[in-house]
Amino acid sequence: LVDFVVVHVTLELVVVIVVAVLVMVVAEVVPVVVESVTVVLVSEVLVDVVVVKVKLELVLVTVVAVLVMLVAEVVPVVVVPVTVVLVSEVLVDFVVVHVTLELVVVIVVAVLVMV
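Residues numbered from 1 in each chain as written. Predicted model: local features only at pLDDT ≥ 70, side-chain atom pairs only at ≥ 80, totals over all residues. Heavy atoms only, no water.

(A) Region of the structure containing the overall build of the chain. In terms of regular secondary structure, the chain is built from 1 helix and 0 strands. Compactness check: the chain gives a C-alpha radius of gyration of 48 Å against a globular reference of 13 Å for 115 residues, more than 25% above the reference. With respect to the three principal axes, the spread of C-alpha positions in the chain is 160 × 25 × 15 Å. (Helix = DSSP H or I, 4+ residues; strand = E, 2+ residues; numbered from the N terminus. Rg over C-alpha atoms; globule rule 2.2 N^0.38 Å.)

(B) Representation of the pattern of salt bridges within the structure. Inspection of every chain in the model, using the stated rule, returns 1 salt bridge. Two residues, Lys53 and Glu57, come together in a salt bridge whose shortest N-O distance is 3.2 Å. Placement of the pair is Lys53 and Glu57 together in helix α1 (residues 2-114), with a separation of 4 residues, close to one helical turn. Judged by relative accessible area, which is 42%, Glu57 ranks as partly exposed. (Salt bridge = Lys/Arg side-chain N within 4 Å of Asp/Glu carboxyl O. Buried < 20%, exposed > 50% of the residue type's maximum accessible area, 1.4 Å probe, protein only.)

(C) Region of interest: the environment of Val51. With respect to the helices and strands, Val51 occurs in helix α1. Take Val51: its relative accessible area is 37%, and that puts it in the partly exposed class. Each C-alpha atom, one on Val51 and one on Ala72, is 31 Å from the other, the two residues being 21 residues apart in sequence.

What follows is the structure in structure tokens.
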């Protein structure tokens, strides 16, 4: 009985020591594992964010480039007709003024002749 109790107690002590050692090992290892996994995950997220940011910037650059091209195409199309209309209006005004002045001169000359 004494031997049995001694063996039993010894075994329990061995188990407690083994468990204590395992707990200490796990307590040492777990933070390292968690830290490395966290670093990997965070770095992956950062890489994803950077990739997304770069892709968005590329999209923006492309959109701006397309808009610039459209504006470059559209501006001449808009500017030319507007210029033509404005110039033609000015020319018409000039001709009207010129004709009106000539008519006034003709009328003045006719009145003078009659007088």
